[in-house]
Amino acid sequence: MEMNKKEIQHEDTELRLGLPGTDFKSQINNKRSFSDIKEESTSNDNDKSGNKTAAPPPKAQVMGWPPVRNYRKNCLQAMKKEAEIGAYVKVSMDGAPYLRKIDMKVYKGYPELLKALEDMFKVKVGEYTEREGYNGTEYVPTYEDKDGDWMLVGDVPWDMFTNSCKRLRIMKGSDAKGLGCLA
Amino acid sequence: MRENTRLDGPTIGPAPVYTPPCPDQVLENVLENVLHFLTCRKDRNSASLVCKSWYRAEALTRSDLFIGNCYAVGPARATERFRRVKSVVMKGKPRFADFGLIPPNWGAFPTPWISAFAQAYPWLQKIHLKRMTVTDYDLQHISLSFPSLNDLTLVCCEAFGTSGLSFLASNCRQLRVLDLFEDEVNDDEVDWICSFPETENNLESLSFECIDFPINFNALEKLLARSPNLKRLRVNRFVTIDQLYRLMVRAPQLTHLGTGSFTPSEIWIPAHQDLDFGAAFAACKSLVCLSGFREIAPVFLPSIYPVCANLTSLNFSYANLNAEELSSVICHCHNLQTFWVLDTVGDEGLRAVASTCKDLQELRVFPIDAREDSEGFVSEVGLLAISEGCKKLRSILYFCQRMTNSAVIAMSKNCPELLVFRLCIMGRHRPDHITNEPMDEGFGAIVMNCKKLTRLAVSGLLTDKAFEYIGQYGKLVRTLSVAFAGDSDMALKYVLEGCPNLLKLEVRDSPFGDSVLRSSLPHLYNMRFLWMSACRLTLSACRQFAKEMPHLVVEVFTNGMEEVNDKDEFVDTLYMYRSLEGPRTDAPEYVKIL
């Protein structure tokens, strides 16, 4: 947890406009991740025309090739994404001039995540109840899911949340009135 | 009528007028007696060709009906000939349907078959369907028509859901085996597990790894409690490792286990920290086959150490493991015969397999990133290592991005027992990455040295030379898969003329044209089917061909719902198969039957 915090503070001073998962370190400090390096070398091998400049554009995918069944492809796709991106999610707070990024995989459940958010932004978000959401607190944690809907953090089971959460936003309590389970 | 013909003589009854059976009848009785022991269908087919008497006797004694193409023969004809069938295995769509190359609703409907079987074989015990469009109605029909049904297995099927499964669970009282492998199952939100009767049952095998949504776990646990004969249980990825624990302690007699997600539930329950997964595995002294590991948390891998030495089959093909993690397990698996794995283990992981698994017979290495330009994590190094360590290898499926002729040649020499060699170099037209030569010599060596080879899939940069080798040496080859290969029509001609046992030829994206059809003429009745997609076949040639070959069904289609356009230079897909029934009537309009 401490290591994580240190990293976050460092990133804190860098203004970024990218989406979660893009590796800006490679552009800023000229440091390459291992996968970047590997990708370049293999694309040079493949380039039959002898053009030794940057990696050639990826070929258009051919239908049904390589011959791996769709079911397997879909399962493995999901796994690969998780492994690669490490489930980093942007967190913003209304009124704060900066963004943070957190690694969702580090947290085992909502209590830990909420505590982390509270520590990160020095606010109190209080406790979640199914009926009333985060009633009575000034700040309310919300998230954008895969379908683009804004939901209250805690509305769905944890694993569903980690799989569908695209980014987090700590809203002012008054703005969040429309969200949450209308029990 | 026929049922009363006993092989041990006339039935006992009131003083009959005894007429001794004529010599022909005696011979036929003896023949039936002997033919009961003939199980291999190839032998049975040969026996049926001897003479009419043998044909009849064979037809009466065949209890296992195998139909490799559901359109090659019709239900009426099949049930008319074979009167005493107890088990049916039937296949529908051609294999390339798995890769999206067949239009929606193309066919392979088992409905008319089930109706026919319900009439002709009400005592039917076993039904296996592969690549068929099975609806909930079909499953309901099955569940109500065959009171003796004890084995229902669906492989690569689609169009049914939990409501269909529910019918099976509640109505098939003799069910011993309900196995779903790689099917697409719809979530109708019906609790099919609850549909099993409350009483004790005969279940021996329950497999549903392919179901991609949660099941009622509590119901499953209770079901296990009333399934004393259960030996094979393969659960889906929605069963967590702590739930798996509960199942295992109830069923330590299991021989085959599909472990589900193999990761804890996200809701952290402190009590789970105390669960001794290792002990649970150790208690399963009969475990020989493990699969699942769909979302594996590698920290739990050591739990399976106690059973590794007994394992003959291990499927890690959904487990993202690195070489080190794999090695820690595989070093204990001395008896492994079947091993499926992801390429994330790399060449180093395969080296570990090669050094321990001396009895390995089947290896499949799948890519975690199945794209043409992905980074492959295994190469010729891994293939070579396997060939040097696993000399008894019979079947290999290997996805990679880099390969050399010398590694393939080495495998051909080190593994003479190979029956199945399927190498998929994912990047199209890739040569030997060291010499830059085509992969002709490698595949040539395989057909030359692996004298028992029956199934071959080729890839990489290949000229007609490779096919010349196949035609020259591949005398036992029954199935050949070709993609993005060859230079001219000669390639397929070599194969069609040279391989007398060729049964299934599937070709895609290769420069073969109309003259192939002409040279295939004498061979096509000996083949189950010919598939050619994205080749250079003209519609007029296909039409001409269909006219000349009455017992072939010639289908032309695209992989979508667009009608076949007469003005297109080449047809998208040609799918041709022998059939006694003529053109089928259940095809959608966008599938043209010439």
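Things to note about the overall build of chain A
And then number 1: Within chain A one finds six helices and five strands.
And then number 2: Beginning at the N terminus, the succession of helices and strands in chain A can be written as α-α-α-α-β-β-α-β-β-α-β.
And then number 3: By residue count, 36% of the 183 residues in chain A fall in the buried class.
And then number 4: In chain A, 51% of the contacts between residues at least 6 apart in sequence involve partners at least 24 apart.

Structural notes on the overall build of chain B
And then number 1: Within chain B, the secondary structure is distributed over 20 helices and 23 strands.
And then number 2: Relative to the compact-globule value of 25 Å for 594 residues, chain B shows a C-alpha radius of gyration of 26 Å, a close match.
And then number 3: Across its three principal directions, the C-alpha atoms of chain B cover 80 × 70 × 45 Å.
And then number 4: Considering only residue pairs separated by 6 or more positions, chain B has 71% of its internal contacts joining residues 24 or more positions apart.
And then number 5: For chain B, the separation between the mean place of its 61 positive charges and that of its 70 negative charges on side chains is 7 Å.

Looking at the domain arrangement of chain B
And then number 1: On domain assignment, one finds that chain B holds domain 1 (315-390 + 397-401), domain 2 (413-421 + 436-536) and domain 3 (548-594).
And then number 2: Each of domain 1 of chain B and domain 3 of chain B has a C-alpha centre, and these two points are 40 Å apart.

Re helix H16 (residues 440-449) of chain B
Residues and elements named next belong to chain B.
And then number 1: Burial analysis of H16 places seven of its ten residues in the buried class, which makes it a mostly covered element.
And then number 2: Looking only at H16, the buried set comprises Asp440, Gly442, Phe443, Gly444, Ala445, Ile446 and Val447.
And then number 3: For H16, the secondary structure elements touched by its buried residues are helix H15 (405-414), strand E16 (420-425), strand E17 (455-457) and helix H17 (464-473).

Observations regarding the pairing of strand E20 (residues 529-533) of chain B
Residue and element names in this part refer to chain B.
And then number 1: Burial of E20 is extensive: five of the five residues sit out of reach of the surface.
And then number 2: Where strand E19 (residues 504-508) and E20 come together, five bridges link them in parallel fashion. Across the sheet, Lys504 pairs through a bridge with Phe529, a residue of E20.
And then number 3: For the segment spanning E19, helix H19 (residues 515-520) and E20, crossover handedness is right-handed.

Remarks on the interface of chain B and chain A
And then number 1: At the interface, 39 residues of chain B touch 27 residues of chain A.
And then number 2: For the pair chain B and chain A, the two sides together bury roughly 3200 Å², of which 58% comes from carbon and sulfur.
And then number 3: Viewed at the interface, chain A and chain B are joined by two salt bridges.
And then number 4: Notably, a salt bridge pairs Asp98(B) with Arg69(A), separated by 3.4 Å at the nearest N-O pair.
And then number 5: Remark: the boundary between chain B and chain A carries seven residue pairs in polar contact (both at pLDDT 80 or more).
And then number 6: Within the side of chain B that touches chain A, the residues separate by chemical class into 20 nonpolar, five polar and 14 charged.

Examining the packing of H17(B) against helix H18 (residues 490-498) of chain B
Residues and elements named next belong to chain B.
And then number 1: Direction vectors running N to C along H17 and H18 enclose 5 degrees, while the axes themselves pass 8 Å from each other. Considering the angle they form, H17 stands roughly parallel to H18. Contact with H17, carried on its side by Asp464, Phe467, Glu468, Ile470 and Gly471, involves Met490, Ala491, Tyr494, Val495 and Gly498 of H18 and no other residues of that element.
And then number 2: Within the contact of H17 with H18, the residues separate by chemical class into six nonpolar, two polar and two charged.

What to know about the packing of aromatic side chains
And then number 1: Taken as a whole and assessed by the stated rule, the structure comprises 29 aromatic pairs over all chains.
And then number 2: With centroids separated by 5.0 Å and ring planes inclined at 85 degrees, the aromatic side chains of Tyr110(A) and Trp158(A) adopt a geometry described as edge-to-face. In this pair, Tyr110(A) is assigned in helix H5 (residues 110-121) and Trp158(A) in helix H6 (residues 158-164), connecting sequence segments 48 residues apart. With respect to burial, Tyr110(A) and Trp158(A) carry one shared label: buried.
And then number 3: Ring pairs connect the aromatic residues Tyr71(B), Phe96(B), Phe99(B), Trp106(B), Phe529(B), Trp531(B), Phe557(B), Tyr575(B) and Tyr577(B), which therefore count as one cluster.

Here's the deal with the sheet that holds strand E1 (residues 88-93) of chain A
Residues and elements named next belong to chain A.
And then number 1: An order of E2-E1-E5-E3-E4 is seen for the five strands of this open sheet, with the pairing classed as mixed. Sheet topology places strand E2 (99-103) and strand E4 (150-152) at the edges, where each strand pairs with a single neighbour. For this sheet, the mean inter-axis angle between neighbouring strands, taken without regard to orientation, is 30 degrees.
And then number 2: In this sheet, strand E5 (residues 167-172) lies alongside E1 in parallel orientation, the contact comprising four bridges. Across the sheet, residue Ser92 finds its bridge partner in E5, namely Arg169.

Let's talk about helix H14 (residues 380-389) of chain B
One turn of the α-helix equals 3.6 residues, which is why residues spaced by three or four share an orientation.
And then number 1: Counting buried residues in H14(B) gives seven out of ten residues, a clear majority hidden from the surface.
And then number 2: Of the surrounding elements, those touching the buried residues of H14(B) are helix H13 (346-356), strand E14 (362-366), strand E15 (395-400) and H15 of chain B.

Looking at a nonpolar patch on the surface
All names here are of chain B.
And then number 1: Taken together, Val26, Val30 and Val34 make up a surface patch of nonpolar side chains, about 230 Å² in accessible area.
And then number 2: Position of Val26 among the secondary structure elements: in helix H1 (residues 23-35).
And then number 3: Looking at Val26, the relative accessible area reads 38%, which means it is partly exposed.

Thoughts on the pattern of salt bridges
And then number 1: Within this structure, the stated rule accounts for 28 salt bridges over all chains.
And then number 2: Put simply, Arg83(B) and Glu80(B) hold a salt bridge, and the shortest N to O gap is 3.1 Å.
And then number 3: On the accessibility criterion, Arg83(B) (39% relative accessible area) is partly exposed.
And then number 4: You can call Glu80(B) exposed: its relative accessible area is 51%.
And then number 5: Lys452(B) is the salt-bridge partner of Glu417(B), the closest N and O atoms lying 2.8 Å from each other. With Glu417(B) in the loop between H15 and E16 and Lys452(B) in the loop between H16 and E17, this pair connects stretches of sequence that are 35 residues apart.
And then number 6: For Glu417(B), a relative accessible area of 31% gives the class partly exposed.
And then number 7: A relative accessible area of 39% places Lys452(B) in the partly exposed class.
And then number 8: Through salt bridges with shared partners, a single ionic network connects Arg69(A), Asp98(B), Arg131(B) and Glu182(B).

Scoring rules and cut-offs
Residues numbered from 1 in each chain as written. Chains lettered and ligands numbered in written order. Predicted model: local features only at pLDDT ≥ 70, side-chain atom pairs only at ≥ 80, totals over all residues. Heavy atoms only, no water. Helix = DSSP H or I, 4+ residues; strand = E, 2+ residues; numbered from the N terminus. Buried < 20%, exposed > 50% of the residue type's maximum accessible area, 1.4 Å probe, protein only. Contact = heavy atoms within 4.5 Å. Rg over C-alpha atoms; globule rule 2.2 N^0.38 Å. Lys, Arg positive; Asp, Glu negative; His and termini not counted. Charge placed at Lys NZ, Arg CZ, Asp CG, Glu CD. Domains from an automatic or database assignment. Pairing = 2+ DSSP bridges. Right-handed = clockwise from strand over helix to strand, strands pointing away. Buried area = accessible area lost by both parts, 1.4 Å probe. Salt bridge = Lys/Arg side-chain N within 4 Å of Asp/Glu carboxyl O. Polar contact = N/O pair within 3.5 Å; in protein donor to acceptor, adjacent residues only side chain to side chain. Nonpolar A, V, L, I, M, F, W, Y, C, P; charged D, E, K, R; others polar. Axes fitted to C-alpha atoms, helices over the stretch in contact; angles between N-to-C directions. Parallel < 35°, antiparallel > 145°, perpendicular 65-115°, else oblique. Phe/Tyr/Trp six-rings, centres within 6.5 Å; stacked < 30°, edge-to-face > 60°. Patch = residues over 30% accessible without salt bridge, like charges linked within 9 Å, V, L, I, M, F, W, Y side chains within 5 Å. Areas by Shrake-Rupley, 256 points an atom, 1.4 Å probe, with all protein chains shown as cover.

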